[in-house]
Amino acid sequence: MNGQPDVGFIMQIDQLDSGTRCGATAHCTVVPSATVMLEIPADLAYVHMLGRCICALLENNCELEEPDITLYNLELAVQEVGVNIINHAYAHTGGRIQLYATVDSQSLQLTILLHDIGNSFDPEAVPYPRLGELQEHGFGLFLVRQLMDEVTYKASPTGNTWKLIKYLPVKTIDLKGK
Amino acid sequence: MDSGFSVAIKEDIKRIVTIAPQGRLDALRTGEFRQQVQSILDTGVKHLVLDLSETPFLDSAGMAVLVTALKRCRERDGDARLIWPRAEPVRRILALTKFDRVFEMKNSVEEALASF
């Protein structure tokens, strides 16, 4: 394939971890798993699409316990990371956000990667919010950590990657192409 | 002739404004919402009812605007009430972040108005 892959094109997660950029199509591989990829402009007008993408992936493949709650929480967590990238990594100067989401039917694990090539961020520098007090900021990362089972952040010369993992509370799972 | 009788009448008018965002209250929309709240407070209003009953999605940016509104009210010796969202996921987020302790939560606008 030549040129930029379209939204439906799938890229192996481990390649992204090693620093492969989506535009480097020579390194892309179509994998037969429930993996989706979405790339959006780093703009608040588009950020809701990240969470919607996750919901769409799960709605058709999994019968979740408390689906409204689970999908909402995933959408919110991804939204918070997306807004963080826009506000901090790109500081509202534009750019792109790439999302990769994979569902593992064996472990019932949802893995979400969010990638940017903006400024790096230090999640550890964000203080835990003072719950129950009149505090305006600091809840975004708190929510991400509360709503996901694992949250890691990796900065590298080729960009920054958030990795969010959720062990899905599912009744059944049916991954097409798996 | 002075009868010695008088009646002192003090009228205390509480201006309470109800603000009910319709739709998602997220990072994209908080700028506009923040301006609307501020413009209301600038008219001298010091009591707000923030009605989230029709808010299906609330992120941390939206939550920040709610806290700002409460702060502004209290700076004016006023206060704000929050109406529980109908959406259960949003209710749980408010509980998770303990916003239900920061705000005086009410189940309806009528209940909130009566509480001032």
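Just so it is clear, the structure is predicted and the values come from calculations on it, not from any experiment. (Residues numbered from 1 in each chain as written. Chains lettered and ligands numbered in written order. Predicted model: local features only at pLDDT ≥ 70, side-chain atom pairs only at ≥ 80, totals over all residues. Heavy atoms only, no water.)

### Thoughts on the overall build of chain A
Spelled out, the test is: Secondary structure is summarised from DSSP: a helix means a run of H or I of at least four residues, a strand means a run of E of at least two, and numbering begins at the N terminus for each. Each residue is assigned to one of three classes by its accessible area relative to the maximum for its type, calculated with a 1.4 Å probe on protein chains only: buried under 20%, partly exposed between the two thresholds, exposed over 50%. Contacts are assigned to residue pairs with any non-hydrogen atoms lying within 4.5 Å of each other. Exposure was quantified through the Shrake-Rupley algorithm and a 1.4 Å probe, taking into account, for residues, occlusion by the shown protein chains and nothing else.
A count of helices and strands for chain A gives four helices and seven strands. Helices (α) and strands (β) of chain A occur, in sequence order from the N terminus, as α-β-α-β-α-β-β-α-β-β-β. Evaluated residue by residue, chain A yields a buried proportion of 52% over its 178 residues. Long-range pairs, those at least 24 residues apart, make up 62% of the contacts in chain A between residues at least 6 apart in sequence. For chain A, the accessible area works out to roughly 8200 Å², and carbon and sulfur atoms hold 50% of it.

### Quick notes on the sheet that holds strand β1 (residues 16-19) of chain B
Residue and element names in this part refer to chain B. The test is simple: Any two strands with at least two DSSP bridges between them are considered paired. Angles here are taken between N-to-C directions and fall from 0 to 180 degrees, while the axes themselves are lines fitted to C-alpha atoms, restricted in helices to the stretch in contact.
Read across the open sheet, the four strands follow the order β1-β2-β3-β4; overall the sheet is parallel. Two strands bound the open sheet, and with one partner strand each, they are β1 and β4 (104-106). Across the sheet, the mean angle from the axis of one strand to that of its neighbour is 25°, orientation sign disregarded. Sheet strands in contact with helix α1 (residues 30-41) are β1 and β2 (47-51), and its direction is about 170° off that of β1.

### Remarks on the confidence of the model for chain A
All names here are of chain A. So the rule is basically this: pLDDT is defined as a per-residue confidence score from the predictor, taking values between 0 and 100.
The predicted model of chain A averages 81 in pLDDT, with 77% of residues at 70 or higher. Element-level mean pLDDT values for chain A span from 39 in helix α1 (residues 13-17) up to 97 in strand β6 (residues 159-167). In this model residues 1-32 is a low-confidence stretch, pLDDT under 50, and it forms 53 contacts with partners more than four residues away in sequence or in other chains.

### Some words on the interface of chain B and chain A
Short version of the rule: Defined in terms of a 1.4 Å probe, buried area is the accessible area two parts forfeit on being brought together, summed over both. Any Lys or Arg side-chain nitrogen found within 4 Å of a carboxyl oxygen on Asp or Glu counts as a salt bridge. Here a polar contact is taken to be a pair of N or O atoms separated by no more than 3.5 Å, where protein atoms must pair a possible hydrogen donor with a possible acceptor and residues adjacent in sequence count only if both atoms sit in side chains. Residues are grouped as follows: Ala, Val, Leu, Ile, Met, Phe, Trp, Tyr, Cys and Pro are nonpolar; Asp, Glu, Lys and Arg are charged; every other residue, Gly included, is polar.
If you look at the interface, chain B gives 26 residues, while chain A gives 27 residues. Taken together, both faces of the contact between chain B and chain A bury some 2200 Å²; the carbon and sulfur share is 67%. For chain B, the biggest contributors to the area lost against chain A are F57, P89 and L96 of chain B; these three give 21% of the whole. Between R24 of chain B and E75 of chain A there is a salt bridge, and its shortest N-O distance comes to 2.9 Å. Summed over the shared surface of chain B and chain A, the number is seven residue pairs in polar contact (both at pLDDT 80 or more). Among the secondary structure elements, those contributing two or more residues to the side of chain B that touches chain A are α2 (60-75), α3 (88-96) and α4 (99-102) of chain B. At eight residues, α2 of chain B tops the list of elements feeding residues into the side of chain B that touches chain A. Each residue belonging to the side of chain B that touches chain A can be placed in one class, and the counts come to 15 nonpolar, three polar and eight charged.

### A closer look at the nonpolar core
Within soluble globular proteins, side chains that are nonpolar generally end up buried alongside one another. Note the cut-off: For our purposes a nonpolar core is just a set of buried Ala, Val, Leu, Ile, Met, Phe, Trp, Tyr and Cys residues, chained together by side-chain atoms within 4.5 Å.
Formed by 75 residues in total, the largest nonpolar core has its most connected members in L58, L110, I112 and L114 of chain A together with L48 and F103 of chain B. Sorting elements by how many residues they give to this core places helix α3 (residues 67-89) of chain A first, with eleven residues. In this structure, I112 of chain A is in contact with I54, V78, L99, Y100, A101, M148, W162, K163 and L164 of chain A, ignoring residues within four places of it in sequence. Counting five residues, the second-largest nonpolar core is a separate cluster that includes V49, I83, A112 and F116 of chain B.

### Re the sheet that holds β6 of chain A
Residue and element names in this part refer to chain A. Pairing within the open sheet is antiparallel, and its five strands lie in the order β1-β3-β4-β6-β5. The open sheet terminates on both sides in strands that have one partner only, identified here as β1 (34-41) and β5 (150-156). Taking each pair of neighbouring strands and ignoring which way they run, the sheet shows an average axis angle of 15°. Alignment of β5 against β6, held across seven bridges, turns out to be antiparallel. The residue bridging E150 from the neighbouring strand is I165, located in β6. Sheet strands touched by α3: β3 (96-104), β4 (109-116) and β6. Its angle to β4, the strand with the most contacts, is close to 15°.

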